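One letter stands for each residue in the lines below.
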Amino acid sequence: MSWDFDNDRPIYSQIIEHIKGCIVSGEYAAGEKLPAVRELAFEAGVNPNTMQRAFAELETEGLVHANRTSGRFITEDIGMINDLKNEIAGKAVTEFMYNMKNIGFSKDEVIELINKCDNMEGDGKDE
Amino acid sequence: MECRGLWKSYGAFPALRNINLELRRGRIIGLLGPNGSGKTTLIKLANGLLTPSAGEIRINDIAVGVETRKIVSYLPDCVCLPDWMRISELVTFYKDFYEDFSEDKANEMLANLHLDKNQRFKTLSKGNKEKVQLILVMSRKAQLYLLDEPMGGVDPATRDYILNTIISNYSPDAAVVISTHLISDVENVLDEVVFINQGDIVLHDSVDNIRGEKGKSVDALFREVFRC
């Protein structure tokens, strides 16, 4: 995943979302060692303090744990990763339903539409 | 860097009015304001090129002077190196001048930007002159970097290189002050911003706070605060 930031929200919170996305998608496997803060900051084009702050919050949430001598690791708690996956999916569905409601679709109509859509296995970029 | 009750007047014109400001090490700070707001004056005071009309400015708790120049690396807003020198001679020049200058670092950056060390400074384009100057400034291991318009005359790809250089040189022991108009370019690397207008500090806050509380980018806030 590449790093892309919105202009109107704090960058550290967008980094948190990005890393959560990487954990859920498996790009960062459970228990995997994370690159150094400085390295990731360089890659993302952000200030190392900002990256540090994002990691500090991820540590507080328990998704990442730091080992004093050997670096930072993704949690090995699969249950926690699954909870995170459900949380992100829930948010995506809520946002999707909100948008569909705005253009006049009821829940049943949306479900019907989803069932009709045979392109669900694509990568979402099917134009 | 700490300013207390700092004033600077040019004749009867006050360029800076009662500035109180504290900048800490380990931070990257944007000094932002419209033309003529006092950015360059503040930077020159911090570097000892100007003396205050009133108040004081200290770096590392030492009044600005010979001692602070050892720990302050300054990029002026104009190209002002001896232009008859070759790039390689300029590197030696800086090495002679500053104890904290790393020749290896300078040579590495010059190579990355495909600058030929045998070229004389005056034969370089405006943008390449600016690149050489910035490389020399960033090759020092200073405690305070004062960069006055570091990206004014360079192309967007080089801007990215400059920002990456600032990120990769980041040190918790050093503060980096960047004065610029190109806010959207630097916004992602800044910890905090200082808005300065007509010699006054009108805002000093972290970028996270501005985005979090106002829901807009520093660039958008700047346009709002300084609407003409």
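All values derive from a computational prediction rather than experimental measurement.

K.L.:
Could you clarify how one ought to interpret the overall build of chain A in this entry?
P.N.:
Each helix and strand in chain A was counted, giving five helices and two strands. Start at the N end of chain A and walk to the C end: the helices and strands fall as α-α-α-β-β-α-α. Here the C-alpha atoms of chain A give a radius of gyration of 18 Å, more than 25% beyond the 14 Å that 2.2 N^0.38 yields for 127 residues. Seen through its principal axes, chain A has C-alpha atoms that stretch 55 × 35 × 25 Å. Residue burial in chain A is summarised as follows: out of 127 residues, 31% are buried.

K.L.:
Any chance you could explain the confidence of the model for chain A here in plain terms?
P.N.:
Atom-level detail of predicted coordinates should not be read off regions where pLDDT is low. Averaged over all residues, the pLDDT of chain A is 88; the fraction at 70 or higher stands at 92%. Within chain A, strand 1 (residues 64-67) of chain A has the poorest average pLDDT of any element, 88, and helix 3 (residues 48-61) of chain A the best, 94.

K.L.:
What exactly am I supposed to notice about the interface of chain B and chain A here?
P.N.:
Often, the extent of an interface is quoted as the loss of accessible area on bringing the components together. Chain B puts 20 residues into the contact, and the matching count from chain A is 18 residues. There are one salt bridge connecting chain B and chain A. A salt bridge links A:Arg53 to B:Asp208; the shortest N-O distance between them is 2.9 Å. The interface formed by chain B and chain A includes twelve residue pairs in polar contact (both at pLDDT 80 or more).

K.L.:
So what exactly am I meant to see when it comes to the packing of aromatic side chains here?
P.N.:
The way to describe two aromatic rings as a pair is by their centre distance and the angle between their planes. All names here are of chain B. Per the stated rule, a full pass over the model turns up eight aromatic pairs over all chains. Ring plane angle 80° and centroid distance 5.5 Å describe the contact between Phe-195 and Phe-222, whose orientation is recorded as edge-to-face. With Phe-195 in strand 9 (residues 192-197) and Phe-222 in helix 9 (residues 218-225), this pair connects stretches of sequence that are 27 residues apart. Residue Phe-195 is classed as buried on the basis of its relative accessible area, which comes to 0%.

K.L.:
Could you clarify how one ought to interpret the domain arrangement of chain A in this entry?
P.N.:
All names here are of chain A. Partitioning chain A into structural domains gives domain 1 (11-76) and domain 2 (79-116). Computed over C-alpha atoms only, the centres of domain 1 and domain 2 are separated by 27 Å. Facing eight residues of domain 1, the contacting portion of domain 2 comprises five residues. Roughly 640 Å² of surface becomes buried between domain 1 and domain 2 when both sides are summed, with 86% attributable to carbon and sulfur atoms. For the domain 1 face of the interface with domain 2, the top three residues by lost area are Lys-20, Val-24 and Leu-63, together amounting to 61%. On the surface where domain 1 and domain 2 come into contact, there are zero salt bridges. For the interface between domain 1 and domain 2, the tally reads zero residue pairs in polar contact (both at pLDDT 80 or more). Among the elements that make up the side of domain 1 that touches domain 2, the one with the highest residue count is helix 1 (residues 11-25) (three residues).

K.L.:
I tried to follow the sheet that holds strand 10 (residues 200-206) of chain B on my own but got confused; where do I start?
P.N.:
By definition, the strands of a sheet pair up through backbone hydrogen bonds, in either a parallel or an antiparallel sense. Residue and element names in this part refer to chain B. Here we have six strands laid out as an open sheet, ordered 6-7-8-3-9-10, and mixed in their pairing. A single partner strand is all that each edge strand has here, and the edge strands are strand 6 (72-75) and strand 10. Strand-to-strand twist across the sheet, computed as the mean angle between neighbouring axes with direction ignored, equals 15°. One ladder, built from four bridges, connects strand 3 (residues 28-32) with strand 9; its direction is parallel. Counted as the bridge partner of Ile-29 is Glu-192 from strand 9.

K.L.:
Would you mind going over unusual backbone geometry with me for this structure?
P.N.:
Excluding glycine, residues mostly carry a negative phi; peptide bonds, for their part, are mostly trans. Residue and element names in this part refer to chain B. For Asn-18, which is not glycine, the phi torsion reads 50° and is therefore positive. Within the element layout of this structure, Asn-18 appears in strand 2 (residues 13-22). With phi around 65°, Asp-61 is a residue other than glycine that occupies positive phi space. Relative to the helices and strands, Asp-61 resides in the loop between strand 4 (54-59) and strand 5 (62-63).

Rules and cut-offs
Residues numbered from 1 in each chain as written. Chains lettered and ligands numbered in written order. Predicted model: local features only at pLDDT ≥ 70, side-chain atom pairs only at ≥ 80, totals over all residues. Heavy atoms only, no water. Helix = DSSP H or I, 4+ residues; strand = E, 2+ residues; numbered from the N terminus. Rg over C-alpha atoms; globule rule 2.2 N^0.38 Å. Buried < 20%, exposed > 50% of the residue type's maximum accessible area, 1.4 Å probe, protein only. pLDDT = per-residue confidence, 0-100. Contact = heavy atoms within 4.5 Å. Salt bridge = Lys/Arg side-chain N within 4 Å of Asp/Glu carboxyl O. Polar contact = N/O pair within 3.5 Å; in protein donor to acceptor, adjacent residues only side chain to side chain. Phe/Tyr/Trp six-rings, centres within 6.5 Å; stacked < 30°, edge-to-face > 60°. Domains from an automatic or database assignment. Buried area = accessible area lost by both parts, 1.4 Å probe. Pairing = 2+ DSSP bridges. Axes fitted to C-alpha atoms, helices over the stretch in contact; angles between N-to-C directions.

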